[in-house]
Amino acid sequence: MRLLVLTAFILLLASAAHAREDAGQLGVGDAYATELLSQLRSAYRGIERERAEGNELALRIQFDLAISSLAALDQLFGFDWARSRQAAMLHEADCPDIHIGYSDDRRLLLRIEPLELKNPAFEGQLVLLCTLESLQDTDVHTEDRGQLQLMLSDGSTRIAELLAPEHPLWEHLGSQADAFLSPDYLPSGHNVVFKQLYSAPAPGRNSISAVSLDWDQRHFGLEWMENEVSD
């Protein structure tokens, strides 16, 4: 694992240096890719450390950092090895179920995480926590949401409903409900974040092949890459 990342790191630096030897410095994109690779190496070390120490919360944080780095290296820079490694990592038994994708214009980032809610009212439901983050100066119209579609491995599609005050399951969120209310409009600014919940009859984690969402005239497509990997 370390050898793979170290090799990619060395190749990236060599390529960037060669391409810009006349300029004498790395470009912004190269610097960001280098930073992501450094984060990834740190996360790999952290995963090994926390696995040995048995700290589940700390292990989740390190996995989160690794998945975020790999998703950016894949979707922003087009590194095929990052996509393959992310798919394999998501297939590992102790890896949290976190999926990250960028909008088509790369201005917004979407995270999707299935939640395990203990309230019996949610039994048989797949509840997805969706976190939208602004990466650049861009206005976000939060009321302009399309349906969240689950593409299943059998070729069928299932619609997940937005959990909002008018939804019958909303009242069962209790004191947590207010955290998933968002204004209709968020002004432009870096690191604008808000969260929403979607719910659908649970199809089973292994049957989901991808998730599609249109949000504020931007399209997100997130593949459940662990389901492409076999034991």
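Everything here concerns the structure above.
Below you will find a few notes about this structure.

Observations regarding the side chain of E50
Structurally, E50 is set in helix α2 (residues 28-53). By relative accessible area, E50 is classed as buried at 8%. Beyond its immediate stretch of four places on either side in the chain, E50 contacts N55, A58, L59 and Q62.

Here we look at the nonpolar core
Among the nonpolar cores identified, the biggest contains 23 residues, and L40, I67, L70, L73, W81 and M89 are the most heavily contacted of them. Listed by contribution, the elements that provide at least two residues to this core are α2, α3 (56-75), α4 (80-90) and β1 (99-102). No other element matches α3, which puts eight residues into this core. Once you skip the residues sitting within four places of it in the chain, L70 turns out to touch L40, Y44, W81, A82, R85, Q86 and M89. Grouped together as the second largest cluster of nonpolar side chains are 22 residues, L108, L110, A160 and F194 included.

A look at the pairing of strand β6 (residues 157-162)
Here four bridges tie strand β5 (residues 148-152) to β6, and the two strands are oriented antiparallel to one another. Paired with M151 across the bridge in β6 is T157. The turn joining β5 and β6, which pair antiparallel and follow one another in sequence, is formed by four residues; a positive phi near 95 degrees is taken by G155. With two bridges joining them, β6 and strand β8 (residues 193-201) adopt antiparallel strand pairing.

Quick notes on unusual backbone geometry
Residues other than glycine seldom take positive phi values, yet R106 does so here, at roughly 65 degrees. Considering the arrangement of structural elements, one finds R106 in the loop between β1 and β2 (108-115). Judged by relative accessible area, which is 33%, R106 ranks as partly exposed.

Thoughts on the packing of aromatic side chains
Enumeration over the complete set of coordinates arrives at three aromatic pairs. Look at Y32 and F77: their rings are 6.0 Å apart centre to centre, the planes differ by 50 degrees, and that puts the pair in the tilted class. Highlighted residues: Y32 in helix α2 and F77 in the loop between α3 and α4, separated in sequence by 45 residues. Note on Y32: relative accessible area 34%, which makes it partly exposed. Judged by its relative accessible area of 28%, F77 falls in the partly exposed class. Pairing F77 with F79 gives two aromatic rings, centres 6.3 Å apart and planes at 15 degrees, and the pair type is stacked. Members of the aromatic cluster, connected to one another through ring pairs, are Y32, F77, F79 and W81.

Some points on the environment of G204
Tracing the chain through its elements places G204 in the loop between β8 and β9 (208-215). C-alpha of G204 to C-alpha of L152: the two residues are 52 residues apart in sequence and 9.5 Å apart in space.

Description of the pattern of salt bridges
Taken as a whole and assessed by the stated rule, the structure comprises nine salt bridges. R51 is paired through a salt bridge with E92; the nearest N and O atoms lie 2.6 Å apart. With R51 in helix α2 and E92 in the loop between α4 and β1, the pair connects residues that are 41 residues apart, well separated along the chain. Ionic pairing is found between R60 and E113, a salt bridge with its closest N-O pair at 2.7 Å. Taken together, the residues span a long stretch of sequence, with R60 in helix α3 and E113 in strand β2 at a distance of 53 residues. Take R60: its relative accessible area is 34%, and that puts it in the partly exposed class. Accessibility expressed as a relative area gives 11% for E113, which makes it buried. Connected through shared salt-bridge partners, R51, R85, E92 and D94 make up one network.

Digging into the environment of P203
By the secondary structure assignment, P203 is in the loop between β8 and β9. Note: C-alpha distance between P203 and R158 (45 residues apart in sequence) is 8.6 Å. Other than its neighbours up to four places away in sequence, P203 contacts L126, L150, L152, R158 and I208.

Conventions used here
- Residues numbered from 1 in each chain as written.
- Predicted model: local features only at pLDDT ≥ 70, side-chain atom pairs only at ≥ 80, totals over all residues.
- Heavy atoms only, no water.
- Helix = DSSP H or I, 4+ residues; strand = E, 2+ residues; numbered from the N terminus.
- Buried < 20%, exposed > 50% of the residue type's maximum accessible area, 1.4 Å probe, protein only.
- Contact = heavy atoms within 4.5 Å.
- Core = buried A, V, L, I, M, F, W, Y, C linked by side-chain atoms within 4.5 Å.
- Pairing = 2+ DSSP bridges.
- Phe/Tyr/Trp six-rings, centres within 6.5 Å; stacked < 30°, edge-to-face > 60°.
- Salt bridge = Lys/Arg side-chain N within 4 Å of Asp/Glu carboxyl O.

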